[in-house]
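Observations on the model geometry
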Amino acid sequence: MITSVEPERVRVLNDATVRTRDYVLYWMQSSHRTEENPALRYAVERGDQAHLPLVVYFGLWQTYPEANLRHFRFMLEGLAEVARSLESLGIRFILRIEPPDKGVLDLATNAALLIVDRGYLRQQQLLYRHVAERCPCSLVQVEGNVVVPVEAASQKEEYSAATFRRKVTYHVDRFLHPFNTGSPERSSLGLDLPTLAGETTDALLSQLTIDRSVLPSALYKGGTAEANRRYEQFLDNRLGGYADNRNDPGGDGGSDMSPYLHFGQVSPVTLAVLAQEQGGNGTPAFLEQLIVRRELAVNFVRYNGNYDSFSSLPTWAQKTLALHHADPREYGYSLNELEHAATHDPYWNAAQKEMMKTGKMQGYMRMYWGKKVLEWSKTPEDAYPAALYLNNKYEIDGRDPNGYAGVAWCFGKHDHPWGERPIFGMVRYMNAKGLTRKFEMDQYLENVRQGR
Ligand SMILES: Cc1cc2nc3c(=O)[nH]c(=O)nc-3n(C[C@H](O)[C@H](O)[C@H](O)COP(=O)(O)OP(=O)(O)OC[C@H]3O[C@@H](n4cnc5c(N)ncnc54)[C@H](O)[C@@H]3O)c2cc1C
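Residues numbered from 1 in each chain as written. Predicted model: local features only at pLDDT ≥ 70, side-chain atom pairs only at ≥ 80, totals over all residues. Heavy atoms only, no water.

**A closer look at the site of the ligand**
Around the ligand lies a shell of 24 residues, among which Tyr242, Ser255, Asp256, Asn391 and Asp397 are the nearest. Serine 258 places a main-chain nitrogen or oxygen 3.0 Å from an oxygen atom of the ligand. Here lysine 360 contributes a side-chain N or O atom positioned 3.1 Å from an oxygen atom of the ligand. About the coverage of the ligand: the protein hides 90% of its 830 Å² of free accessible area. For the shell around the ligand, the secondary-structure elements that each account for two or more residues are α10 (258–262), α12 (283–303), α16 (363–376) and α18 (401–410). A class-by-class count of the residues in the shell around the ligand yields 8 nonpolar, 10 polar and 6 charged. Here the shell around the ligand spans two domains, since at least three of its residues come from each of domain 2 (146–178 + 224–303) and domain 3 (310–449). (Near = heavy atom within 4 Å. Polar contact = N/O pair within 3.5 Å; in protein donor to acceptor, adjacent residues only side chain to side chain. Areas by Shrake-Rupley, 256 points an atom, 1.4 Å probe, with all protein chains shown as cover. Helix = DSSP H or I, 4+ residues; strand = E, 2+ residues; numbered from the N terminus. Nonpolar A, V, L, I, M, F, W, Y, C, P; charged D, E, K, R; others polar. Domains from an automatic or database assignment.)

Here it is as structure tokens:
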């Protein structure tokens, strides 16, 4: 079937056929938005071609790995907006509290065709496979949370940004096309399919049996409108100076888009197109992070089945860390001490507190933070899961390819060997002196104290 979505974004996941049934079904799983969502666009076009209404489904999975109240609130704030937006397009939104594979298979009984968007983590792959094996109709996946589809960019795990950059940038222009999704020909609002979509975020949250130990962020509200508002401010005030300011922990140089990108509440294509239109000195540096670094992380998770463990590291990094396994540590902290920000280092403690309070640690501090978890843990093998645990528990953007690649980078992934030193071996080292030499760190401490 011909649609306006680039063919590289589309793949068929099972052998079943398109049938004559009641509706086309879009299972929204990782792209929580109606703006510039290629899976939604594809679903609208396929529905129109078959003269069938389109139904969108979202299953609220209470036991999603490592998800807690902070993540659920942010996500539900976004889904409330999706519900309103779909209604304005004449599309029925079925939101239910249930394992999504079960819910989508129930609805697929009457579907002519099932469409799903694409995430890359293990739990998402398992879900897609489970549904593909049981789905009675054709299941098509549309990849919309990257600029360049992961297999189009590269067919293998890339060694570093240096090897990946040329490959991905070769394709970028072809995929940087903004578009609008119009209403389907046939409304599905009249279909009698039970949904919780009209309920408030608070009402939905109160029905969930989830980990409530991490409070929602007072600083970051979820949803596409909030992402757009923040991004506009970034374009107006900060993109120009991005190359110089993005690393400064005490400054405000970043776009703060990572929580919104993580839930697919905003499209990386939209962000890249707007940054390109604006132009200026900061744009190349910003696109380097948004496309090259972010999609290198997707490449890592896509091609390295051990992306969440120490064994994902390159051989040189594993070897050098093993050689320094038993090196004496000047400071040693348990996971509990790290979690409670109880180290001797005020900058590290501030970074940990920033993440715990706001749900988003400043980018440069994430590197310093991860390096110190490696330095102060008993062994690198203890440090690796500790860093992932804390990152995924407190960051709104945690449980993301970027988080797995970010932690791996602290242990040598996507980097090259440096001079040999204790504990780190040839893995790159960072220290507090470097922070104070380069940045106004008192300002960072003050920002964290004030909850900014
Ligand atoms: C130890 C560690 C853990 C990390 N954990 C996460 C995580 O859980 N989730 C997450 O999204 N990012 C993570 N990062 C990557 C990066 O720090 C954040 O994406 C960035 O700080 C988000 O802030 P921003 O949106 O203001 O970024 P900006 O500077 O405005 O960059 C724009 C976008 O580019 C991407 N980007 C920026 N820096 C990187 C990078 N180093 N690697 C890959 N993509 C990047 C992000 O999608 C970001 O939103 C981690 C990095 C490290 C070193």
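**Side note on the packing of helix α3 (residues 100–108) against helix α4 (residues 122–134)**
Closest axis-to-axis distance for the α3/α4 pair is 10 Å, and the angle between their directions is 25°. Between α3 and α4, the angle falls in the class roughly parallel. Viewed along their axes, α3 and α4 form a crossing whose handedness is right-handed. Across the interface between the two elements, Pro100, Asp101, Val104 and Leu105 from α3 touch Leu127, His130, Val131 and Arg134 from α4. Its residues assigned to classes, the contact of α3 with α4 comprises 5 nonpolar, 1 polar and 2 charged. (Axes fitted to C-alpha atoms, helices over the stretch in contact; angles between N-to-C directions. Parallel < 35°, antiparallel > 145°, perpendicular 65-115°, else oblique. Left-handed = near helix turned anticlockwise from the far one by under 90°. Contact = heavy atoms within 4.5 Å.)

**Some details on the domain arrangement of the protein**
One can read the domain layout of the protein as domain 1 (1–145), domain 2 (146–178 + 224–303) and domain 3 (310–449). Each partner contributes to the roughly 2,000 Å² buried at the junction of domain 1 and domain 2, and carbon and sulfur atoms together form 52% of this total. Interface area lost by domain 1 to domain 2 is led by Glu36, Phe74 and Asn145, which between them contribute 28%. Put simply, domain 1 and domain 2 have 2 salt bridges between them. The closest approach of N and O atoms between glutamate 151 and arginine 118, which form a salt bridge, is 3.0 Å. Applying the counting rule to domain 1 against domain 2 returns 13 residue pairs in polar contact (both at pLDDT 80 or more). In terms of residue count, the dominant contributor to the side of domain 1 that touches domain 2 is helix α2 (residues 69–88) (5 residues). Of the residues that constitute the side of domain 1 that touches domain 2, the class distribution is 4 nonpolar, 7 polar and 10 charged. (Buried area = accessible area lost by both parts, 1.4 Å probe. Salt bridge = Lys/Arg side-chain N within 4 Å of Asp/Glu carboxyl O.)

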